[in-house]
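Observations on the model geometry
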Amino acid sequence: GGAASESGNGSPGPAVQEFDFIATMNKVKDKPCALNRIEIVGDERTKRQVIERELEVVRSAETLEDLMQSLSDAVEELNALDIFKTVDAVIDAGPDHLPNTADVTVTVEEKSGYGLHTGLYVQGSETTAEVSGSIKNFFGYAEEFDLTMSQGNAFSPKTRSGRYTLSWQDNRFLGTKSQLRAQVFRTTSSFLNFSSYSENKTGLGADWVSPGGAHKLGYELAWRELFCGRESNNASREVLQQAGHNLKSSLKHVAMADSREVAGALVSRGAAIQATTELGGIGLDPNMFRFFREEVEVVAERPVPILSGLETALELRLKAGVLLPWGKGCFDKPTYIGDRFFLGGTGDLRGFWIKGAGPTGKCRGAGDNEEADAAEVRPSTSSEGRQRDALGGDV
């Protein structure tokens with residue numbers, strides 16, 4: 001016999017025409033096509049309603065092209081939940097008695113949901129160690145629990161800092177694309193090098209982020225403790241007056257507009273503005289610091305080609321703020337030092353030590369000479385080696 005591609009008389013047989021998917025799709029993409037049913041496979045821990053919520057857009061499709069596009073968008077949203085390893089979707093023709101319909105099968109493979117992260121960061125003379133663990137989708141609602149512990153300057157007890165946070169986050173709050181995050185925290189911050197005090201803060205808070213992240217609304221309730229420790233013998237009078245406990249209850253709103261565009265692997269082009277508004281002193285406690293705090297930051301970036309193949313850019317960053325007390329007798333006492341603005345240092349105001357620009361107070365161990373009165377604020381592990389404390393300002 002002859003070869004399989006030839007007929008019995010030796011002449012070549014008919015050529016097999018390959019299936020042209022693109023040409024076929026162009027013919028049928030605009031034909032009416034409605035969704036008949038959706039089948040979900042692989043949702044062992046995830047609640048069915050979480051997946052169906054992202055697939056709801058598919059039900060409004062009227063043509064095959066609409067169905068394919070809406071299903072592609074839904075798969076992208078399911079992947080964005082970060083609880084699945086893979087998400088696959090298949091479109092099949094509906095039953096014969098329902099013409100112009102389609103059946104969709106969505107197959108998901110869930111992630112383990114457990115994560116552990118450790119890191120060691122060095123910035124200047126400060127070293128920070130961090131450990132965090134997370135549990136995602138434990139209850140099946142795409143929620144996330146996170147426990148983070150960080151320790152800064154662990155080998156320097158006098159300037160040691162730390163943060164401990166337990167948080168819960170819902171990335172689809174009330175079925176929308178907004179986020180809700182609640183947390184309890186404990187922080188320890190040391191400002192002994194600049195202002196002769198440390199601060200402990202324990203509290204809870206909640207933040208809501210709008211779809212797209214243009215707005216953020218938050219509330220914080222915290223018990224703050226300012227103490228000088230061994231530095232109390234040398235700390236300035238202005239710092240010692242604020243030592244003790246106080247309660248902070250504040251609402252904060254952050255608005256951001258960002259028009260920057262990627263102009264290379266490392267540079268961007270455009271401008272962004274962020275305005276942070278905080279109202280503190282919400283409550284009945286008469287000893288709370290009541291304040292209105294506004295801070296605005298503007299960033300403008302522009303690529304500046306200097307050498308071929310080298311990405312360089314020019315960045316202009318401006319920041320301004322104001323802190324105003326409010327309430328009965330608000331001008332009878334100073335604002336809280338932890339709420340004030342500080343200026344000075346690389347990346348902030350060159351030519352000054354860190355937090356070295358602005359109001360200062362003379363350390364009590366500095367003496368009464370004129371040199372101490374005019375001295376700069378210089379970093380030191382003890383106020384004995386520093387003659388003035390940085391106090392920050394209300395503007």
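About the thresholds
Residues numbered from 1 in each chain as written. Predicted model: local features only at pLDDT ≥ 70, side-chain atom pairs only at ≥ 80, totals over all residues. Heavy atoms only, no water. Core = buried A, V, L, I, M, F, W, Y, C linked by side-chain atoms within 4.5 Å. Buried < 20%, exposed > 50% of the residue type's maximum accessible area, 1.4 Å probe, protein only. Helix = DSSP H or I, 4+ residues; strand = E, 2+ residues; numbered from the N terminus. Contact = heavy atoms within 4.5 Å. Patch = residues over 30% accessible without salt bridge, like charges linked within 9 Å, V, L, I, M, F, W, Y side chains within 5 Å. Areas by Shrake-Rupley, 256 points an atom, 1.4 Å probe, with all protein chains shown as cover. Salt bridge = Lys/Arg side-chain N within 4 Å of Asp/Glu carboxyl O. Lys, Arg positive; Asp, Glu negative; His and termini not counted. Charge placed at Lys NZ, Arg CZ, Asp CG, Glu CD. Phe/Tyr/Trp six-rings, centres within 6.5 Å; stacked < 30°, edge-to-face > 60°. Lys NZ or Arg CZ within 6 Å of the ring centre and 35° of its normal.

Bringing the nonpolar core into the picture now. By size, the foremost hydrophobic cluster in this structure holds 23 residues, and its most contacted members are Leu55, Leu67, Leu78 and Phe84. Elements with a contribution of two residues or more to this core: strand E1 (34-41), helix H2 (48-55), helix H3 (64-80), strand E2 (84-93) and strand E3 (101-110). Looking at this core element by element, the count peaks at six residues for H3. Excluding its chain neighbours within four sequence positions, the residues that come into contact with leucine 67 are Cys33, Val58, Ala61, Ile91, Ala102 and Val104. Of all hydrophobic cores here, the second largest spans nine residues; its members include Leu226, Ala235, Phe289 and Tyr336.

To continue, consider a negative patch on the surface. A grouping of Asp30, Glu62, Glu65 and Asp66 is seen on the molecular surface, where their side chains present a negatively charged patch. On the secondary structure map, glutamate 65 appears in helix H3. When its relative accessible area of 38% is taken as the criterion, glutamate 65 is described as partly exposed.

Most peptide bonds take the trans configuration, and most residues that are not glycine carry a negative phi. One non-glycine residue, asparagine 100, adopts positive backbone phi at about 60 degrees. In this fold, asparagine 100 is placed in the loop between E2 and E3. Residue asparagine 100 is classed as exposed on the basis of its relative accessible area of 52%. Unlike most non-glycine residues, serine 196 shows phi in positive territory, near 65 degrees.

The next thing to look at is the packing of aromatic side chains. The full count for this structure, using the stated rule, is four aromatic pairs. Ring geometry for phenylalanine 138 and phenylalanine 139: centres 5.0 Å apart, planes at 90 degrees, overall edge-to-face. Classification of phenylalanine 138 by relative accessible area gives partly exposed; the value is 45%. Here the aromatic residues Phe138, Phe139 and Phe145 are joined through ring pairs into a cluster of three or more. The aromatic ring of tryptophan 326 is capped on one face by arginine 290, whose charged end is 5.6 Å from the ring centroid. Stacked on the ring of phenylalanine 289, the Lys or Arg lysine 333 has its end atom at 4.7 Å from the ring centre.

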